[in-house]
Amino acid sequence: MTNSSSLLWGALALGLVTGMRSMLAPTLTSRALAARDDIEDANEPARTLAAHRTRQFLLPLAAGELLGDKMTFAPDRTILPSMAFRALSGGVTAAALASARREPIGLPMLIGATAALVASQVGLSLRKPYQTEPLANAGLGLAEDCLALAMGNAGLRCALGER
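Residues numbered from 1 in each chain as written. Predicted model: local features only at pLDDT ≥ 70, side-chain atom pairs only at ≥ 80, totals over all residues. Heavy atoms only, no water.

### Considerations on helix H6 (residues 106-127)
The terminal C-alpha atoms of H6, which comprises 22 residues, lie 32 Å apart, in line with the 32 Å expected from a rise of 1.5 Å per residue. Residues Pro 108, Gly 112, Ala 113, Ala 115, Ala 116, Ala 119, Ser 120, Gly 123, Leu 124 and Arg 127 constitute the buried set of H6. Projected down its long axis, H6 carries its buried residues within an arc of 165°, all on one side. Taken together, the buried residues of H6 touch helix H1 (3-20), helix H5 (80-100) and helix H7 (134-159). (Helix = DSSP H or I, 4+ residues; strand = E, 2+ residues; numbered from the N terminus. Expected span 1.5 Å × (residues − 1). Buried < 20%, exposed > 50% of the residue type's maximum accessible area, 1.4 Å probe, protein only. Arc of directions from axis to C-beta. Contact = heavy atoms within 4.5 Å.)

### What to know about the packing of H1 against H5
Contact geometry of H1 with H5 gives a least axis separation of 9 Å together with a crossing angle of 150°. The angle between the axes of H1 and H5 places the two elements in the roughly antiparallel class. The hand of the H1/H5 crossing is right-handed. Contacts between H1 and H5 involve Leu 7, Gly 10, Ala 11, Leu 14, Thr 18, Gly 19 and Met 20 from the first element and Arg 86, Ser 89, Gly 90, Thr 93, Ala 94, Leu 97 and Ala 98 from the second. Here the contact of H1 with H5 is composed, by residue class, of seven nonpolar, six polar and one charged. (Axes fitted to C-alpha atoms, helices over the stretch in contact; angles between N-to-C directions. Parallel < 35°, antiparallel > 145°, perpendicular 65-115°, else oblique. Left-handed = near helix turned anticlockwise from the far one by under 90°. Nonpolar A, V, L, I, M, F, W, Y, C, P; charged D, E, K, R; others polar.)

Below you can see the structure in the form of C-alpha cells.
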C-alpha cells in the first residue's frame, strides 16, 4: 500500500469512528500524534490536536460520550447540529493525520467528514429499533464502542505508517 493510500484508508476509518462516537477519533488521534517525535515539525492542525491542553480537553469529552450514549435520553445522533459536528470532527481528525505526514489535507478531510456522516446514519438505523429496550440498547452501544476503538486504532496505525 502506498503512503497516500494508507493515509486515505486511515482517514476513512477515523471518519467512520467519528460517526459512531464524535469525540473518540479526535481523542485517539490527539494521543497518537502527541507520541510522535516529529510532531513539532508538523503543520496545523496536527500540532494543535497533539497539544497537551487539547488532550486534556478531549479525553473527558470522549469518556462522557461513551457513557452518555447508552442512556435512553441521549439525543439522536442524526439531528443537524450533531451531524454538522460529526462532519467537522471527522474532517479535522483526518486533516490532522495528513498534516502530520506533511501531505495535502483536502482529500483526507473530505473522506473523514463524509465517512462520519454515513456512519452516523448507519449506526442510528442499526440501534434505533432497540432504543426502547435499555439493556439491548446498552449492549449494542457497548459493541459499537468496541468496534469504534478497534477501528480507530487500526486506522491510526494505517494512516501513520505504524505496524
